[in-house]
Each structure stands twice: as C-alpha cells, then as structure tokens.
Amino acid sequence: MTIQAGPRRVRLTSVGGPDVLRVEAMTVPEPGPGQILITTEAAGVAFHDVTTRQGLTPGVLPDVQGFDVVGHVAQLGAGVTDLTVGQRVGALIGTGGYATHVLAPARRAAPLPEDRPAAELDALVLNYLTAWQMFHRLARPAPGDAVLVLGAAGGVGSALTQIARAAGVTVYGTSGFGRRARVEAAGATWVADATAVPVPVAATFDPVGGPSLARSRRATKRSGVVVSYGFSFATGAGYSRTGAMARTVGALLRAKLTPGPRVVIHTVEPAVDRDPAGFRADMAALVEQLAAGALQPDVTTLPLDQAAEAHRRLENRQVDGKLVLIP
C-alpha cells in the first residue's frame, strides 16, 4: 500500500523480508515533557534496521524504524527551552524515523544549518557522529598513526576514512573488490581483509563482530584498540537471534581472556544520553568540517514510501555511503 500525501509512517509489521514494511497513514503525535515534534525532511536507513527487521537484534521489535532524522521543530513539549519552533535540527531517536512527523527527546537533537541539503546533513547525525565518536573519543590515534577500517565503502566506514584523513592518520580499508576504487578514491589504501594489512595498526574499526574480532585484533598493535560497533556477520548466515548473540558474546569473552589489543564496544545512543552537551559539540564540529570540505557525504535518496526497496538495497550491499528516505 502506498499513501501519496498526508501524515504517514512506515510500520514494521513483523520479522521477515523487506515486504513486512508497510506504508500507512498516521496521526500526528503531541510532544510530551522534554520532547519535540519534528516535521521530517530526511530519515536515515541504517544496517541496524535491516538486522532488526530480520529478527537478529536484541530487544523489542519497534513499531516504526529509523535511527536518525533531519527536519524542523514543529512543536515543543513542556520544559524544552533550548530549541525553538521552526529551527532546523538533526535528531538521533533510535526508532520512529520512517515517518513524516517524529517525536524526539530534546536532549538528542542538535541545531543544524539551513544552507545544506537535508539528506547530506542526515548523514552526519548517525554515520558521521558514530565515526567521530569512535575515532576521537575512543581510539584517538595520533597524526602519523595507521588505522584499519573494515567495510570502508559503507556509510560509517567511509565517514571514518574521511575523519581519519582529516586528522592526518593513514587508513587501510577493506571492501569487496568491486568497491576498491571507491575506497581508494576516499584516500585509503585498499586491502582485501584484515590479514593483508602490511603493518600493525593503532586501531581497527570493526562492524562485522563475532569471529571477525579475532582477525581484527591480530591486525592491531598490542597497545592499540579494536572498536566493535556491529555484528553484520550474522546477516544472511542463517543464525537465530540467540545463535548470533552467543557467537558475539563468545568472541568478546575470548578477546578479554587472551593477550593482545583491547576491544571496546561503541553504541551511539548511550553515548549521546550520557553526554548530550558532548553530542551537540560533536555535531557542531562535524558541520564545521563539512563546511570546510573535509567531509563529503555520499548520499543515496529514495522516497519514504520506498522504504522496503531501501532495505533490499542495503541488505544486498548495493548502497555506497548513506541511504536516506525523503518524505
């Protein structure tokens, strides 16, 4: 079912393939205390959305998916004094983004400029924010160091490459051979996998998880760090949610019990909740680097009503950079 106009959302009706995403009319919600209502200009699609739809992500199945949105504040809830109606913001909401109207905690919203395309700015809210926090707040490699980025052609991977290059850090990046040119165009040295890195790196950024963590540790200096931020190893592998989690936990335990670089897990939502002021400072730094040309998001857009097609493309690794839905 496709609804051409009016308030609408894309509901996740059950675990399954992309066709379980259904477009339907919605009632515009009222913001509660500490919330804002956003009229959506752009809504990001994340690989986490795919694994959630497949039933591989822990937790309750959300009614509406979508981690990140850009839009204008339409209404303020009680107690919100640091934002204004009509202001453009980016919000990290976790769920609910695939909709024309979105509720967001005010503490998870950051002001954004009016002079950039909404879809481009949306790439900053999740992909580049995740990359920035992992690079600058967790790994903190020094200029002249080298890092390894797994999946360097993807949304977070390409963001990591640009952020590292702007900081004077050498990047080795993995991807399928068909995406090698994209990795190299971003300024990284392409390698087939973690075993092909010619020197131990100061940090490895690993969205694969599970058995990949052991390989990432072997590519990293003993004094370095492996930053784990996903478990895409489970996608298409036939694992149940329990099986995927068991392999993830097992890999993390082995990393803790064996000598070598430490492994840290980064999840962006708790990081933002712990430090909302830091979140806004990070977003301001990203906007500044975007304006200076150091960051160049590669964004693919689809209409909101084609959310199922967006999931198909992401699941089949047919998207470079960030995929954004436009209401």
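Report follows, based on the coordinates.

About the criteria used
- Residues numbered from 1 in each chain as written.
- Predicted model: local features only at pLDDT ≥ 70, side-chain atom pairs only at ≥ 80, totals over all residues.
- Heavy atoms only, no water.
- Helix = DSSP H or I, 4+ residues; strand = E, 2+ residues; numbered from the N terminus.
- Expected span 1.5 Å × (residues − 1).
- Buried < 20%, exposed > 50% of the residue type's maximum accessible area, 1.4 Å probe, protein only.
- Contact = heavy atoms within 4.5 Å.
- 1 Å grid on protein atoms, 1.4 Å probe; cavity = no way out; pocket = protein on both sides within 12 Å on 5 of 7 lines; lining within 4 Å.
- Points joined across faces, edges and corners; volume = space filled by probe spheres on them.
- Nonpolar A, V, L, I, M, F, W, Y, C, P; charged D, E, K, R; others polar.
- Pairing = 2+ DSSP bridges.
- Axes fitted to C-alpha atoms, helices over the stretch in contact; angles between N-to-C directions.
- Right-handed = clockwise from strand over helix to strand, strands pointing away.

### Considerations on helix H8 (residues 276-292)
- The end-to-end C-alpha distance of H8, which contains 17 residues, comes to 24 Å, matching closely the 24 Å that a straight helix rising 1.5 Å per residue would cover.
- Along H8, the positions that sit buried rather than exposed are Gly278, Phe279, Asp282, Met283, Leu286, Val287 and Leu290.
- Close packing links the buried residues of H8 with strand S5 (88-92), strand S7 (109-111), helix H2 (118-139), helix H3 (155-166) and helix H7 (268-274).
- One or two positions beyond H8, positive phi appears at Gly293, with a value near 90°.

### Describing empty space enclosed by the protein
- Counted under the stated rule, the structure contains one cavity of 30 Å³ or more.
- By volume, the largest cavity amounts to about 30 Å³.
- In this structure, the largest cavity is lined by Ala123, Asn127, Tyr128, Gly155, Ser158, Pro297, Asp298, Gly321 and Lys322.
- Secondary structure elements with two or more residues in the lining of the largest cavity: H2 and H3.
- Considering every element that reaches the lining of the largest cavity, the biggest residue donor is H2, with three residues.
- Residues that form the lining of the largest cavity fall into these classes: three nonpolar, four polar and two charged.

### Looking at the sheet that holds strand S13 (residues 262-265)
- With respect to topology, six strands assemble into an open sheet ordered S10-S9-S8-S11-S12-S13, the strand pairing being parallel. Each end of this open sheet is capped by a strand with a single partner; those strands are strand S10 (189-191) and S13. Each adjacent strand pair in this sheet contributes to an overall mean axis angle of 20°, direction not counted.
- In terms of strand pairing, strand S12 (residues 220-228) meets S13 through four bridges, oriented parallel. Bridge assignment links Val226 to a residue of S13, and that residue is Val263.
- The strands that H3 touches are strand S8 (146-149), strand S9 (170-174) and strand S11 (201-206); relative to S8, the one it contacts most, it runs at about 170°.

### A word on the pairing of strand S15 (residues 322-326)
- Burial within S15 is extensive, with four of its five residues counted as buried.
- Two elements, strand S3 (residues 35-45) and S15, share three bridges in a ladder whose sense is antiparallel. Its bridge partner lying in S15, Val45 is registered against Leu323.
- Where strand S14 (residues 299-303) meets S15, five bridges bridge the pair, whose relative direction is parallel. Residue pairing for S15: Thr301 is matched across the bridge by Val324.
- In this fold, S14 hands off to helix H9 (residues 307-315), which returns the chain to S15; that crossover is right-handed.

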